[in-house]
Amino acid sequence: MKICVLMKQVPDKDVALKINATGLGIDTADLTFVTNESDSYALEEALLLKEAHEGEVVVCTLGPDSSLQVVKDAISKGADRGLFLCDDAFNDLDILSLSIVFATALKDEKFDLIFSGLQSDDVGNGQLGLLIAEHLNTSHASLVMETEMVGNSAIKAKRELESGWFQWTELDFPASLTIQSGINTPRYASLRGIMMMKKKTIDTKNAADLGLNPTSKTSTTKMYIPEKTKETIYVEGTTDEIVSKLVDIFANDIKVL
Amino acid sequence: MKILVYIQRDGDSIGRNSLEALAGAQKIAKESGGDVSAVCFASSLTDKLTGFNISEVITVSNDRLNAYSPLYFTAAMEQVIADTATNVVILGHTYQVRDWIPRLSARLDAPFISDCVDADGTNGLMGIRQVYQGKINTNISAEGLVLLSFQSGAYRADSVESGSASARNIEVDLSAVPSTIRPGEKFKESKGGVDLTRAEVVVSVGRGIGKEENIPLVEDLKDALGAELGSSRPVVDYGWLPHERQVGSSGQVVTPKMYLAVGISGAIQHQVGMKGSDNIVAINKDPNAPIFEIADYGVVGDLFEILPKLSQSIKDYKS
């Protein structure tokens, strides 16, 4: 079984963001970057399947040089090799165009399974794994909470629906699954994994390697901090002052005491 | 601009998100001088839809569309779009739409601008999306065939304009669709079940609580207030509280008299579940947390200092 895991590097959720000088992106100068949260769960699910059924796990990311760290981290956790898509021509592409880049890079690999996190914590399109499913003509399931192999050429996926509903869906290989966070407990890198890193390969490909000259059909015309729609009353002071003001608000303004 | 709104069936009713999308489509049509039609994969909703101020209600009846199945839905919609010469498809951003519309986007080579909070048709089509966990907004323009979905609450369902529309059926051929995806029956997990929707006060806890051992701090506050305990997604993912406590798009949608958010940053998925609350009070150490965008009362501070004293003061006040 051959499994590809799509992973992305995103800004740490807790850092403050600023719009850059172009007004079309964020200022990345002082940011710390991390692996997208749900992608870590996707990797763990792939590693668990590999351990139970044998096979190969290939991690693939696209981004600037810094995002190679995502591939290295995944390999140190047990992924077998990496595929790194890196080219200035990929900057600022929309998700549909990016999906063509990924599909082109992945198609000859003939993966049985493609796993990705359900959504990135930066732009949050939540589409990549599903767009690739169509390009590569695979089956798909989104918002997957649990997986279970069916023989050796199909997989069952428990999907999360709205309002507490769930559904099992059976998918023939090849299949693309977008993984919900919380599905497993992602492991830490092992010392052995870190030692093994030197022996594992990471292929880097640019647009020319893939025979692509990508362009987007959408354009970002503005990026901005949203204006507040609600007037927030800030409760300030020492802790004791804040507490007594809150009790007063609960009792006399909101009237819940 | 020829706009087609996809109407998702919710039992025997029109899904609320679809009505909101219809309201958004009517607005865009006015701005662009365009025209709105609606398509539904269930004949039971046709009569309801013809009472709206749109041009045409298209009904697609096919046994394979009775229950949701992504490949059948994608193939049916592809044929409807071709038949109607549509250039903008508008949808409510439901979990179903999230599952199959990207597939349609790739098939038609038409961009899908997902989860918009607003859109404008004055100068071509522009959708406004929240990015970076709701901290930043981005305006996206597109030409050609475009798919666009609206986040829950982007428009008011009761603002859809009434009128009268013609109705017609479109036959679709789904015989060539492969059965490589086989959805099973929907089910609910049969555990305890906590109904947060009836609570007058919800105290909800997020990632800011730091670790499981700190949860009792919030439980004390919840008890002092006589409230129900809710949580954001990460707290459930980490196993600190059960899934039945989760508020948000994949949990419960609550509208209490007071929603007290403790250590919750307020990502879009969480806001969807609580932004209709009468009063939102947020305690968070990050002044830029998106929760403050929708809070009526905000405290920028350390919950570990505030919570113990707040619980005690509420108990003192009550006695």
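Fair warning: this is a prediction, and the values are worked out from it, not measured in the lab. (Residues numbered from 1 in each chain as written. Chains lettered and ligands numbered in written order. Predicted model: local features only at pLDDT ≥ 70, side-chain atom pairs only at ≥ 80, totals over all residues.)

A. Structural view of the overall build of chain A. On a plain count of helices and strands, chain A comes out with six helices and 13 strands. Put simply, chain A has 257 residues, and 41% of those count as buried. Across chain A, contacts joining residues at least 24 apart in sequence account for 70% of those joining residues at least 6 apart. (Helix = DSSP H or I, 4+ residues; strand = E, 2+ residues; numbered from the N terminus. Buried ≥ 20, exposed ≤ 12 C-beta atoms within 10 Å, placed from the backbone. Contact = placed C-beta atoms within 7 Å.)

B. Region of the structure containing the overall build of chain B. For chain B, the count of helices and strands is nine helices and 17 strands. The burial tally for chain B puts 55% of its 319 residues in the buried class. When contacts within chain B are restricted to residue pairs at least 6 apart in sequence, long-range pairs at least 24 apart make up 64% of them.

C. Examining the interface of chain B and chain A more closely. With 66 residues of chain B at the interface, the matching set in chain A holds 66 residues. Partitioned by chemical class, the residues of the side of chain B that touches chain A number 30 nonpolar, 18 polar and 18 charged. (Nonpolar A, V, L, I, M, F, W, Y, C, P; charged D, E, K, R; others polar.)

D. Geometry of the sheet that holds strand β1 (residues 2-7) of chain B. Sheet architecture is open: ten strands sit in the order β12(A)-β9(B)-β8(B)-β7(B)-β10(B)-β6(B)-β1(B)-β4(B)-β5(B)-β11(B), paired in mixed fashion. With partners counted over all chains shown, the strands left at the sheet margins are β12 (218-224) of chain A together with β11 (166-169) of chain B, one partner each. Neighbour to neighbour, the strand axes of the sheet diverge by 35° on average, direction disregarded. Running at roughly 145° to strand β6 (residues 88-92) of chain B, helix α1 (residues 16-32) of chain B makes contact with β1, β4 (35-40), β6, β7 (112-120) and β10 (146-150) of chain B of the sheet. (Pairing = 2+ DSSP bridges. Axes fitted to C-alpha atoms, helices over the stretch in contact; angles between N-to-C directions.)

E. Highlighting the domain arrangement of chain A. Its domain assignment divides chain A into domain 1 (2-205) and domain 2 (226-257). The C-alpha centroid of domain 2 of chain A is placed 42 Å from the C-alpha centroid of domain 1 of chain A. (Domains from an automatic or database assignment.)

F. Here's a closer look at the domain arrangement of chain B. Residues and elements named next belong to chain B. Along its sequence, chain B is carved into domain 1 (2-169) and domain 2 (196-318). One C-alpha centre belongs to domain 1, the other to domain 2, and the line joining them spans 34 Å. Listed by partner, the interface residues are seven residues for domain 1 and nine residues for domain 2. In the side of domain 1 that touches domain 2, the residues fall into no nonpolar, six polar and one charged.

G. View of the pairing of β10 of chain B. Residues and elements named next belong to chain B. Burial runs high along β10: five of the five residues are buried. Of the two faces of β10, the one holding V146, L148 and F150 and the one holding L147 and S149 are both buried throughout. Relative to β10, β6 runs parallel, the two sharing five bridges. Looking at the pairing, V89 lines up with L147 of β10. Bridge count between β7 and β10: three bridges; the pairing is parallel. Paired with I113 across the bridge in β10 is L148.

H. Main features of the sheet that holds strand β13 (residues 201-205) of chain B. Here six strands make up an open sheet; going across it, the order is β13(A)-β17(B)-β16(B)-β15(B)-β13(B)-β14(B) and the pairing parallel. Of all strands in the sheet, those bounded by a partner on one side alone are β13 (233-234) of chain A together with β14 (228-231) of chain B. Pairing analysis gives five bridges linking β13 of chain B to strand β15 (residues 258-262) of chain B, with the strands arranged parallel. Following the sheet pairing, V201 of chain B is matched in β15 of chain B by M258 of chain B.

I. Broad picture of the environment of L65 of chain B. By the secondary structure assignment, L65 of chain B is in the loop between β5 (56-59) and α3 (70-84). C-alpha of L65 of chain B to C-alpha of E20 of chain B: the two residues are 45 residues apart in sequence and 23 Å apart in space.

J. Molecular detail of the nonpolar core. Membership of the largest hydrophobic core comes to 58 residues, with the highest contact counts inside it found for V5, A38 and A76 of chain B. With residues near it in sequence (within four places) discarded, A76 of chain B still touches F41, V60, N62, L65, V172 and L174 of chain B. Counting residues in hydrophobic clusters, the runner-up holds 55 residues, among them L49, L96, A133 and V144 of chain A. (Core = buried A, V, L, I, M, F, W, Y, C linked by C-beta atoms within 7 Å.)

K. Geometry of the packing of helix α4 (residues 128-135) of chain A against helix α4 (residues 95-108) of chain B. Running from N to C, α4 of chain A and α4 of chain B cross one another at 45°; their axes reach a closest spacing of 8 Å. Accordingly, the angle class assigned to the pair α4 of chain A and α4 of chain B is oblique. The interaxial crossing formed by α4 of chain A with α4 of chain B has right-handed handedness. Here L130, L131, A133, E134 and H135 of chain A of α4 of chain A come into contact with α4 of chain B, specifically with P102, R103, S105, A106 and R107 of chain B. Among the residues making up the contact of α4 of chain A with α4 of chain B, the classes are represented as five nonpolar, two polar and three charged. (Parallel < 35°, antiparallel > 145°, perpendicular 65-115°, else oblique. Left-handed = near helix turned anticlockwise from the far one by under 90°.)

L. Here's a closer look at helix α1 (residues 37-53) of chain A. With 17 residues, α1 of chain A should cover 24 Å at 1.5 Å per step; its first-to-last C-alpha distance of 25 Å lies within 8% of that length. Among the residues of α1 of chain A, those classed as buried are S38, D39, S40, Y41, A42, L43, E44, E45, A46, L47 and L49 of chain A. (Expected span 1.5 Å × (residues − 1).)

M. Representation of the packing of α3 of chain B against α4 of chain B within the structure. Residues and elements named next belong to chain B. Where α3 meets α4, the axes come as close as 9 Å, and the angle between the chain directions of the two elements is 50°. In terms of orientation, α3 and α4 fall into the oblique class. Pair α3 / α4 crosses with right-handed handedness. Contacts from P70, F73, T74, M77 and E78 in α3 reach D99, W100, R103, L104, R107 and L108 in α4. Per-class residue counts for the contact of α3 with α4 are six nonpolar, one polar and four charged.

N. Representation of unusual backbone geometry within the structure. Residues and elements named next belong to chain A. Between F173 and P174 the backbone carries a cis peptide bond, its omega angle lying at -10°. Assignment of secondary structure puts P174 in the loop between β9 (165-172) and β10 (175-179). In this model, N137 sits at a positive phi of 55°, which is unusual for a non-glycine residue. Within the secondary structure, N137 sits in the loop between α4 and β7 (139-150).

O. Fine view of helix α5 (residues 215-225) of chain B. Residue and element names in this part refer to chain B. Restricting attention to buried positions, one finds in α5 the residues L217, V218, L221, K222, A224 and L225. Take α5 and look down its axis: the buried residues cluster within an arc of 165°, on one side only. Just downstream of α5, G226 is the residue with a positive phi angle, here 65°. (Arc of directions from axis to C-beta.)

P. Looking closely at the environment of K77 of chain A. Residue and element names in this part refer to chain A. With respect to the helices and strands, K77 occurs in helix α2 (residues 68-77). Linking K77 and G211, residues 134 residues apart in sequence, is a C-alpha distance of 32 Å. Contacts of K77, omitting those with residues within four sequence positions, involve L43, L47, R187, A189 and G193.

Q. Broad picture of the environment of A157 of chain B. You can see A157 of chain B is positioned in the loop between β10 and β11. Taking the C-alpha atoms as reference, A157 of chain B lies 9.3 Å from G24 of chain B; in sequence the two are 133 residues apart.

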